[in-house]
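Listed below, chain by chain, are the residues.
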Amino acid sequence: MSDNGIQNTIHLNIKERMKSDEWNYEIAKGVLYRRERIKKRRIFTTSIASFSFAILIIVTLSLYTGGKPGMNDFDGFISRQLDGTYSEVFGEDSLLGFSKQASNESISYDSIDMLIDNALSLR
């Protein structure tokens, strides 16, 4: 076949398809099928993204401890200060002295008020 014959065949096929309603319906059906497929893909992708985001938020909130940021910097310093103060005030030497003093003193049981006053003075 010559080039001119091929071109004539192509033009005839194009004219037949342009006049054919069946060909139009098939093209329209293909376009609608593709649009529907793209629409379903978008819905699926959006659903997966939303679900992933929700899982991320749930995991983040479940791992959140509620601590104040920045306070951890001072925790060691404050703990050392409290430990030093506690050992000075309530160390074994001071507790032994207090127990000796309490055991040496006699507590008066004359009245409930005196008993409470004596107990509070020992504290």
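Residues numbered from 1 in each chain as written. Predicted model: local features only at pLDDT ≥ 70, side-chain atom pairs only at ≥ 80, totals over all residues. Heavy atoms only, no water.

Caption draft 1: Up close: the overall build of the protein. Each helix and strand in the protein was counted, giving 5 helices and 0 strands. In the protein, the succession of helices and strands from N to C terminus is α-α-α-α-α. By residue count, 2% of the 123 residues in the protein fall in the buried class. Accessible area for the protein stands at about 11,900 Å²; split by element, carbon and sulfur atoms hold 61% of it. (Helix = DSSP H or I, 4+ residues; strand = E, 2+ residues; numbered from the N terminus. Buried < 20%, exposed > 50% of the residue type's maximum accessible area, 1.4 Å probe, protein only. Areas by Shrake-Rupley, 256 points an atom, 1.4 Å probe, with all protein chains shown as cover.)

Caption draft 2: Inspection of helix α2 (residues 21-63) at higher detail. When the terminal C-alpha atoms of α2 are compared, their 63 Å separation across 43 residues agrees well with the 63 Å that a helix rising 1.5 Å per residue should span. Counting buried positions over the 43 residues of α2 gives 0, only a small fraction of the element. N-cap assignment for α2: the residue whose side-chain oxygen lies 3.4 Å from the backbone N of E22 is S20. (Expected span 1.5 Å × (residues − 1). Polar contact = N/O pair within 3.5 Å; in protein donor to acceptor, adjacent residues only side chain to side chain.)

Caption draft 3: Inspection of a nonpolar patch on the surface at higher detail. Side chains of F51, I55, I58, V59 and L63 sit close together on the surface and give an oily, nonpolar patch of about 520 Å² of accessible area. Mapped onto the fold, V59 is located in helix α2. (Patch = residues over 30% accessible without salt bridge, like charges linked within 9 Å, V, L, I, M, F, W, Y side chains within 5 Å. Salt bridge = Lys/Arg side-chain N within 4 Å of Asp/Glu carboxyl O.)

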